[in-house]
Amino acid sequence: MIPLFLVATNFYQKISDIDWHWEAAYINKSLSEPLEYVVLKDTPQQGPQSNDCGMFVCAFPEYVSHGIFDISSTLFGDVNHRLRYGALL
């Protein structure tokens with residue numbers, strides 16, 4: 001759904017800092033399917049009856065942006081993240 005939205009809103013035509021013909025990640029790919037999907041196992045999840053989904057939504061891209069793709073539940077301390085994000089707000 002996201003790739004189709006990006007094509008429909010002309011996102012790729014507005015981006016000038018990516019050379020779509022020379023970047024290895026985009027060569028021989030359709031603009032409607034430029035994203036590579038990876039299924040991660042053992043990702044941290046909020047507990048039952050919990051309303052902390054925002055913390056998990058914020059933490060996941062933070063880990064990925066630092067190149068950490070193996071985010072197991074043992075590495076993720078939800079209490080520490082909750083305190084840290086609360087302090088940042």
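This is a predicted model, so every value here is computed, not measured.

Caption draft 1: View of helix α3 (residues 53-65). Over its 13 residues, α3 extends 19 Å from the first C-alpha to the last, a length consistent with the 18 Å expected when each residue adds 1.5 Å. Buried within α3 are the following residues: Met55, Phe56, Ala59 and Tyr63. Seen end-on, α3 carries its buried residues on one side only, within an arc spanning 90°. Exposed residues pointing more than 90 degrees away from the buried face of α3 are listed as Val57 and Ser65. Summarising the contacts, the buried residues of α3 are in contact with α4 (78-88). Backbone geometry just after α3 places Gly67 at a positive phi near 80°.

Caption draft 2: Seen up close, the packing of α3 against α4. Between α3 and α4, the shortest axis-to-axis distance is 11 Å and the interhelical angle comes to 95°. As the angle between them shows, α3 and α4 are arranged roughly perpendicular. Packed against α3, whose contacting residues are Met55, Phe56, Cys58, Ala59, Glu62 and Tyr63, the element α4 presents Asp78, His81, Arg82, Arg84 and Tyr85 at the interface. Classifying every residue of the contact of α3 with α4 gives six nonpolar, one polar and four charged.

Caption draft 3: Summary view of the pattern of salt bridges. As enumerated under the stated definition, the model contains one salt bridge in all. For the salt bridge of Arg84 with Glu62, the shortest nitrogen-to-oxygen distance reads 2.6 Å. Of the two residues, Arg84 is situated in helix α4 and Glu62 in helix α3; the sequence distance between them amounts to 22 residues. In this structure Arg84 comes out as partly exposed when scored by relative accessible area, which is 38%.

Caption draft 4: Inspection of the nonpolar core at higher detail. If you look at the biggest cluster of nonpolar residues, it comprises seven residues: Met55, Phe56, Ala59, Tyr63, Ile71, Phe76 and Tyr85. No other element matches the four residues that α3 contributes to this core.

Caption draft 5: Structural detail: the confidence of the model for the chain. Taken over all residues, the pLDDT of the chain has a mean of 75, while the share at 70 or more is 88%. When mean pLDDT is taken per element in the chain, α4 scores highest with 82 and helix α1 (residues 2-8) scores lowest with 77.

Basis of the calculations
Residues numbered from 1 in each chain as written. Predicted model: local features only at pLDDT ≥ 70, side-chain atom pairs only at ≥ 80, totals over all residues. Heavy atoms only, no water. Helix = DSSP H or I, 4+ residues; strand = E, 2+ residues; numbered from the N terminus. Expected span 1.5 Å × (residues − 1). Buried < 20%, exposed > 50% of the residue type's maximum accessible area, 1.4 Å probe, protein only. Arc of directions from axis to C-beta. Contact = heavy atoms within 4.5 Å. Axes fitted to C-alpha atoms, helices over the stretch in contact; angles between N-to-C directions. Parallel < 35°, antiparallel > 145°, perpendicular 65-115°, else oblique. Nonpolar A, V, L, I, M, F, W, Y, C, P; charged D, E, K, R; others polar. Salt bridge = Lys/Arg side-chain N within 4 Å of Asp/Glu carboxyl O. Core = buried A, V, L, I, M, F, W, Y, C linked by side-chain atoms within 4.5 Å. pLDDT = per-residue confidence, 0-100.

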